[in-house]
Amino acid sequence: MNYRNFGRLDFQVSALGFGCMRLPVIDGDMNNIDEALAIDMIRYGIDHGVNYIDTAYPYHGGNSERVLGKALKGGYREKVKVATKLPTWAVHEPADFDRLLEEQLERLQLDAVDVYLLHNLKTTNWSKLCDLGVRSWLDRILAEGKTDHVGFSYHDHFELFTAIIGGYDNWAMAQIQYNYVNEEVQAGTKGLEYAADQGLAVVI
């Protein structure tokens, strides 16, 4: 496995991470994960050098986080950095921030995650989250040790991407959609380079 610097974060990250959005399922039911196979796959990746794992609140109907929590038993937690994401669309009042994070930590069977992301930031939700106090809340969960780093995933235009990065001082990571057929779509190459120039880790 090759390893790379990860923005200004204090660890080397594997060039390939393990995403838990599309784990193997039973009978085509996306909410019914084949747990034994999924756990074997996750542990195989870790055994072969993967040290970054990504999941989120809605993946597999909420079961992705639960299965990942099981996979990280037996000494595997200590070998990886774990990222999950706040379901921004489910936040309607300030109390929802804590409620959702605590639910996710319970699913994962963890006291804290290494990176906590705001899921799918875009024009329609960023200002609402700011009005509900998301920036001060992120500061608090960092201070409380619920996560070591915070970031966001993104699916909107370049101008908003730069505004979000400039709108909060403690971002450590940005996750963007990016591949060879959409270098100019959403954040695009410009966004990737901009985030990196600001010292953020960038996950594709």
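Now for a look at the structure at hand. (Residues numbered from 1 in each chain as written. Predicted model: local features only at pLDDT ≥ 70, side-chain atom pairs only at ≥ 80, totals over all residues. Heavy atoms only, no water.)

## Brief notes about the packing of aromatic side chains
Next up, step 1: Under the counting rule described, the total for this entry stands at eleven aromatic pairs.
Next up, step 2: When the centroid spacing of 6.0 Å and the interplanar angle of 45 degrees are considered together, the rings of Trp126 and Trp171 count as tilted. In this pair, Trp126 sits in helix H4 (residues 123–131) while Trp171 sits in strand S10 (residues 171–176), placing the two residues 45 residues apart along the sequence. As far as the burial class goes, Trp126 and Trp171 line up, both buried.
Next up, step 3: Look at Phe158 and Tyr194: their rings are 6.5 Å apart centre to centre, the planes differ by 80 degrees, and that puts the pair in the edge-to-face class. With Phe158 in helix H6 (residues 158–166) and Tyr194 in helix H7 (residues 188–197), this pair connects stretches of sequence that are 36 residues apart.
Next up, step 4: Relative accessible area serves as the criterion here: at 19%, Phe158 is assigned to the buried category.
Next up, step 5: A residue is classified by how much of its surface remains accessible, and Tyr194, at 27% relative accessible area, is partly exposed. (Phe/Tyr/Trp six-rings, centres within 6.5 Å; stacked < 30°, edge-to-face > 60°. Helix = DSSP H or I, 4+ residues; strand = E, 2+ residues; numbered from the N terminus. Buried < 20%, exposed > 50% of the residue type's maximum accessible area, 1.4 Å probe, protein only.)

## A short note on the side chain of His60
Next up, step 1: Mapped onto the fold, His60 is located in the loop between strand S6 (52–54) and helix H2 (63–71).
Next up, step 2: Look at His60 and you get buried, because its relative accessible area is 4%.
Next up, step 3: Polar side-chain contacts of His60 include one of 3.1 Å to the backbone oxygen of Met21.
Next up, step 4: In this structure His60 touches Cys20, Met21, Arg22, Leu23, Val25, Met30, Asn31 and Ile33, once residues within four positions along its chain are discounted. (Polar contact = N/O pair within 3.5 Å; in protein donor to acceptor, adjacent residues only side chain to side chain. Contact = heavy atoms within 4.5 Å.)

## Some thoughts on the nonpolar core
Next up, step 1: With 52 residues, the main nonpolar core has Phe152 and Trp171 as its most contacted residues.
Next up, step 2: A total of five residues in this core trace back to one element, the largest contributor, which is helix H3 (residues 95–108).
Next up, step 3: Sequence-distant contacts of Phe152, that is, excluding residues within four places in its chain, are made with Leu117, Leu118, Leu121, Phe161, Ile164, Ile165, Trp171, Met173, Ala174 and Gln175.
Next up, step 4: Judged by nonpolar contacts, the second largest core, of twelve residues, contains Leu9, Tyr52, Leu117 and Met173. (Core = buried A, V, L, I, M, F, W, Y, C linked by side-chain atoms within 4.5 Å.)

## So, the sheet that holds strand S7 (residues 81–86)
Next up, step 1: Read across the sheet, seven strands follow the order S3-S6-S7-S8-S9-S10-S11 without closing on themselves; strand pairing throughout is parallel. The open sheet has two edge strands, strand S3 (18–19) and strand S11 (201–203), and neither has a second partner.
Next up, step 2: In terms of strand pairing, S6 meets S7 through three bridges, oriented parallel. By the bridge assignment, Ile53 is partnered in S7 with Val82. (Pairing = 2+ DSSP bridges.)

## Regarding the environment of Ile33
Next up, step 1: Relative to the elements of secondary structure, Ile33 occurs in strand S5 (residues 29–33).
Next up, step 2: Separated by 34 residues in sequence, Ile33 and Val67 place their C-alpha atoms 8.0 Å apart.
Next up, step 3: The contact partners of Ile33, leaving out residues within four places of it in the chain, are Leu23, Pro24, Val25, Ile26, Ala38, His60, Asn63, Ser64 and Val67.

## Observations regarding the side chain of Asp54
Next up, step 1: Counting through the fold element by element, Asp54 comes out in strand S6.
Next up, step 2: Separated by 3.0 Å, the side chains of Asp54 and Gln175 make a polar contact.

## Some words on a nonpolar patch on the surface
Next up, step 1: A grouping of Met1, Tyr3 and Leu16 is seen on the molecular surface, where their side chains present a nonpolar patch of about 310 Å² in accessible area.
Next up, step 2: Along the chain, Leu16 turns up in the loop between strand S2 (12–14) and S3. (Patch = residues over 30% accessible without salt bridge, like charges linked within 9 Å, V, L, I, M, F, W, Y side chains within 5 Å. Areas by Shrake-Rupley, 256 points an atom, 1.4 Å probe, with all protein chains shown as cover. Salt bridge = Lys/Arg side-chain N within 4 Å of Asp/Glu carboxyl O.)

## Regarding the environment of Asp47
Next up, step 1: Relative to the helices and strands, Asp47 resides in helix H1 (residues 35–47).
Next up, step 2: Along the sequence, Asp47 and Tyr76 sit 29 residues apart, while their C-alpha atoms lie 8.9 Å from each other.
Next up, step 3: Look past the residues within four positions of Asp47 in its chain and what remains in contact with it is Tyr76 and Lys79.

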